[in-house]
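A closer look at the structure
Listed below, chain by chain, are the residues.
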Amino acid sequence: MTSPHRLAMIPRDGLFCKDGRGWFTSALGRGHGLDWPFPSTLLGALRTAYGRVIEAKRDRPLSADEWLEHTGGIGLGATLALRRPLGRDFSRADRLWPVPADALFVEGEEQVLRLEPQPVTVPTLSRDDDRARERLWRPTVETCFKPRTPPRWWGDADFSAWLVGNRVVDVANGGQGAVRMQSRLQAHVGIVADTQTAGEGILFTHDVFETLGADRCEWGIGCEVELPAGGATPLPPVTLGADRRPAQLEELAPEVFEASAVVMDAFRAPGGSRGLRLVAVTPIVWERGWLPDRLASEDGNYRGRLEPIGVEVELRAAFVPRPQSVSGWDMARKRPKPVTRLVPPGAVYFFERADGNTFTADDAEKLWLSAIGCRVGEGFGRVVPGVWRGEEDARR
């Protein structure tokens, strides 16, 4: 038996997180860290904190088997990036979201351009003869200006506006929604005891992402956690990431994870939404790389059942950035975990119902922060829905 908890993990000394694949620096001794931890890193931090509470009560370390027994049932659900002014509780307005891959930032354009998929007329030069992949819709870009690197995060208002098809002002042209985390370089120096000189192998620098800004706002990580019922709670401060940097835990109100009212109202409009724009907000693990599970090529289209709404859908388009890779260290078995390739946050999938019906507010409610794909108990595979009008949107 487990009980649900909603917690905010608030880093007290910045973030230095890695992907767990081993770590190497450049010839200059410079290493790079992730700008946001993987869900598996958060789950590992929570399991470690839970195990430490049990060890403190028993006044002895747990064995590897005992660690698995006591912490194996802990599960991680949805996770959110949060940012608030100091001294205030977190609310829905403090949520941050990965900028979707269908948002195009262009120099000289006041608005963020929307990449709308359209039926294809020209084949690609792919190396296989997958008819269904060849028939996926692709966007056409009509601007002649140079694209810019998009920001990492959008505020809740801009993200919700994007999901319902409204325009969003580029932050470089006066918009308010984009947020960027500041980083700095951390130097590591080690002294060889025998010679009392600097150890060359432990002289390096790496990124640290600051979670407390000069604007007196702090970052947090919202987590839905399943903990053993009647177990060791509350948890002590956790240690997070590669340097085991401390993070404070704080209870969150349930509303922080609730669906956006703007998005729900858009789906409640007469007729619902003809199509579905599904945005990944955490990394997703599919069995076949970028292609959603349960979809198969049928008559030249990817078709299958979309959970959790349980309807037959056809995949019209997929905007998927370069994959991420994650590994890790199995603390109980003392060995590295296998490397997994992930669909990154911000990836966008466009669906239509196979029966021709529209997507309703009830569908959107079920899909909001729902879990799809593999390893969902580790916090992977969380998505949110947006409206899409198919070819009608492409002509706007």
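Attention here is on the structure that accompanies the text. Quick caveat: nothing in here was measured; it's all calculated off a predicted structure. (Residues numbered from 1 in each chain as written. Predicted model: local features only at pLDDT ≥ 70, side-chain atom pairs only at ≥ 80, totals over all residues. Heavy atoms only, no water.)

Quick word on the overall build of the chain
- For the chain, the count of helices and strands is seven helices and 28 strands.
- The C-alpha atoms of the chain give a radius of gyration of 23 Å, which matches the 21 Å a tight globule of 396 residues would have.
- For the chain, the spread of C-alpha atoms along the principal axes amounts to about 70 × 50 × 50 Å.
- The burial tally for the chain puts 47% of its 396 residues in the buried class. (Helix = DSSP H or I, 4+ residues; strand = E, 2+ residues; numbered from the N terminus. Rg over C-alpha atoms; globule rule 2.2 N^0.38 Å. Buried < 20%, exposed > 50% of the residue type's maximum accessible area, 1.4 Å probe, protein only.)

A short note on the pattern of salt bridges
- Considering all chains together, one arrives at 28 salt bridges under this definition.
- For the salt bridge of arginine 60 with glutamate 66, the shortest nitrogen-to-oxygen distance reads 3.0 Å.
- A relative accessible area of 37% places arginine 60 in the partly exposed class.
- A salt bridge links arginine 84 to glutamate 218; its shortest N-O distance comes to 2.8 Å. In this pair, arginine 84 sits in strand β3 (residues 75-85) while glutamate 218 sits in strand β15 (residues 217-228), placing the two residues 134 residues apart along the sequence. Judged on exposure class, the residue arginine 84 and its partner glutamate 218 are both buried.
- One connected set of salt bridges, linked through shared partners, spans Arg274, Arg303, Glu314, Arg316 and Glu352. (Salt bridge = Lys/Arg side-chain N within 4 Å of Asp/Glu carboxyl O.)

As for the packing of aromatic side chains
- Here the structure, examined in full by the defined rule, presents 13 aromatic pairs.
- Measuring from centroid to centroid gives 5.8 Å for tryptophan 137 and tryptophan 388, while their planes differ by 65°, and the two rings are edge-to-face. Of this pair, tryptophan 137 sits in the loop between α3 (131-134) and β8 (138-139) while tryptophan 388 sits in strand β28 (residues 382-388), and the two are 251 residues apart along the sequence. Per residue, the accessibility class of tryptophan 137 equals that of tryptophan 388, and both read buried.
- Aromatic pair tyrosine 349 and phenylalanine 351: ring centres 6.4 Å apart, planes at 20°, arrangement stacked. The same class applies to tyrosine 349 and to phenylalanine 351, which are both buried. (Phe/Tyr/Trp six-rings, centres within 6.5 Å; stacked < 30°, edge-to-face > 60°.)

Quick notes on a nonpolar patch on the surface
- Together, Val189, Ile191 and Leu203 make up a nonpolar patch on the protein surface, roughly 300 Å² of accessible area in all.
- Examined against the element boundaries, leucine 203 turns out to sit in the loop between β13 (197-198) and β14 (204-209). (Patch = residues over 30% accessible without salt bridge, like charges linked within 9 Å, V, L, I, M, F, W, Y side chains within 5 Å. Areas by Shrake-Rupley, 256 points an atom, 1.4 Å probe, with all protein chains shown as cover.)

Section: the sheet that holds β14
- If you walk across this open sheet you meet the three strands as β2-β14-β11, and the pairing is mixed. Pairing within the sheet leaves two strands with one partner each, and these edge strands are β2 (30-31) and β11 (183-188).
- Bridge count for β11 against β14 is six bridges, and the pairing is antiparallel. Paired with glutamine 186 across the bridge in β14 is histidine 206. (Pairing = 2+ DSSP bridges.)

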